[in-house]
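Structural characterization, general
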Amino acid sequence: MKQLKNAFGVSFLWLICLIYFTQGFRSFVWTAVSYQLKDKLKLSPSASQFVAAVAFFPWSIKPLYGILSDCIPIKGRKRIPYLVISTVLSLVPWLILGLNAFFRSSTWHLIVLLTAQNLGSAMADVVVDAMIAEAAKSERAAFAGDLQSLSWLAMAFGGICGSLLGGYALTNIEIDRIFLLFTVLPAIQLLSCGLVKENRVSTKVLKEFSSSNGYHQVNGNESILDDEDGFSEEKYNISTKKRKKNKKNQKKRVFKIRKSQIPEKSNPLVIQWFHSLKAAIYSLYSAFRQPEILRPMAWFFLAHVAVPNLSTVMFYYQTEILNLEASFLGTARVVGWVGLMLGTYTYNGYLKRLKLRRILLLTQVGLSILSFLDIVLVSRMNLTVGISDKTMVLYGSALADAVNQFKFMPFLILSGQLCPPGIEGTLFALFMSINNFGSTVGSFLGAGLASSLSISSGSFDNLLLGISIQALCTFIPIAFLFLIPKGATGVSA
């Protein structure tokens, strides 16, 4: 830890840990959002899941934030200003929801505010990842792994604290107070942004970037215009041969001066930004369309889209039919975090040398088995063999997060191996966005399935059928495993 302090500075490490801790601690306030939608707004499970899917959409366009911060500096800085903007977006919606009962009670206002909050959180996530990547360059590259481990540890600790305190807070505190309590972390984060100094980006860097990424086309067009002007000048000179030589030379000098000034007038900073954005987007598109990148990412997207997400429906069932308290559900989420860490350890220790196709095949089979556990819970078969509902939920939560990690770890590995040099950060953000967008689409499909089966608050007669459909859908991605590179393992692709 002392070496990290010497390499990066206390203020930088504090800001990084605080941001990641806040990202994990979001479970504290989003548990309250779930109960707000269910108990206060009286939304059906499908409507509640629809709201959550829309609100989390900003996580599906993460590359946009990275491209903007890379190509359009604010007052010469690329990271801290965007971090300030994202923190304000994370802070203000919770303040409004905590202080104004009308916005809390209006579904559409709530959607707008929750979407704005997620926009801020997603932008902060991208910016802080870029800050870590930049900080770990050159002589500090040896500490890159330690810095990344520290950030993930902070997020896991925040998730555990948020889950534990979130369940307790719902039992003892009003929801509006929970919204206000959470604003403490973004407020501290906003103040902490002033502790980290960031060097200004010179306009030379932008000019070099734009000129090396397609801006020569514009200069080429300008040279054509210059040639046309020269041609007119030549005609003019031919028609005035009888004029004195000194006048011709004077006009040529004036013309050369005017010509040298054209690029300066037609090369404003806005055009540089535009061409930088254009070049970045084109580089991203060119890399992503390559089959070795497109095919595996298509599989991970399909793995989410093919399986309807019924998590919100199960939340309604657990609270209304099983009568599980908020504090217990918070404990279940903590167990889920433990399962996630155990899944990571198991993968790194025993699975990473296996073929990725085999790992993903076993993962999909494992997810179908977990769906069967939900079938046992909903059919009440567990009570006939003496297993309590709480035991089923706890172990189910731990196993679900562990098994899902077996799918997420190969995703991270493939993403890291497939990224070409130069655009690793932005392309990796695109990969994560594809994963997030797949989850969003899966949530929409889950909401549609629940609505079509008439599953609503207090009416769960068709929930068993819905979970059975979900279990069958987990086998669909197996048929498309040919999209994953045949020889890829957790060590090499």
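On a predicted model such as this, the values are computed, not experimentally measured, just so you know.

1. A few points about the overall build of the protein
Along the protein, the regular secondary structure elements total 21 helices and zero strands. Split into buried and exposed, the 493 residues of the protein put 48% on the buried side. When the accessible area of the protein is evaluated, it comes to approximately 24,500 Å², of which 65% is carbon and sulfur surface.

2. Re the nonpolar core
As a rule of thumb, nonpolar side chains are buried together in soluble globular proteins. Of all hydrophobic cores here, the largest spans 62 residues; its most connected members are Leu83, Met131, Trp299, Phe300, Tyr347 and Ile484. Sequence-distant contacts of Leu83, defined by excluding residues within four places in its chain, comprise Leu15, Ile19, Ala124, Val127, Met131 and Cys193. Among the nonpolar cores identified, the runner-up in size contains 53 residues, and Phe21, Phe28, Ile178 and Ile375 belong to it.

3. With respect to the pattern of salt bridges
With the rule as written, the count across this model stands at five salt bridges. In this structure, Lys62 and Asp125 form a salt bridge, with 2.8 Å as the shortest nitrogen-oxygen distance. In this pair, Lys62 sits in helix α4 (residues 62-71) while Asp125 sits in helix α7 (residues 107-135), placing the two residues 63 residues apart along the sequence. The same class applies to Lys62 as to Asp125, namely buried.

4. As for the packing of aromatic side chains
Counted under the stated rule, the structure contains 17 aromatic pairs. Residues Phe25 and Phe182 carry aromatic rings whose centres are separated by 6.3 Å and whose planes lie at 5° to one another, so their mutual orientation is stacked. Of this pair, Phe25 sits in helix α2 (residues 10-40) while Phe182 sits in helix α9 (residues 175-182), and the two are 157 residues apart along the sequence. There is no split in this pair, since Phe25 and Phe182 are both buried. Between Trp94 and Phe182, the ring centres sit 5.9 Å apart and the planes meet at 75°, which makes this aromatic pair edge-to-face. Of this pair, Trp94 sits in helix α5 (residues 80-99) while Phe182 sits in helix α9, placing them 88 residues apart in sequence.

How each quantity is defined
- Residues numbered from 1 in each chain as written.
- Predicted model: local features only at pLDDT ≥ 70, side-chain atom pairs only at ≥ 80, totals over all residues.
- Heavy atoms only, no water.
- Helix = DSSP H or I, 4+ residues; strand = E, 2+ residues; numbered from the N terminus.
- Buried < 20%, exposed > 50% of the residue type's maximum accessible area, 1.4 Å probe, protein only.
- Areas by Shrake-Rupley, 256 points an atom, 1.4 Å probe, with all protein chains shown as cover.
- Core = buried A, V, L, I, M, F, W, Y, C linked by side-chain atoms within 4.5 Å.
- Contact = heavy atoms within 4.5 Å.
- Salt bridge = Lys/Arg side-chain N within 4 Å of Asp/Glu carboxyl O.
- Phe/Tyr/Trp six-rings, centres within 6.5 Å; stacked < 30°, edge-to-face > 60°.

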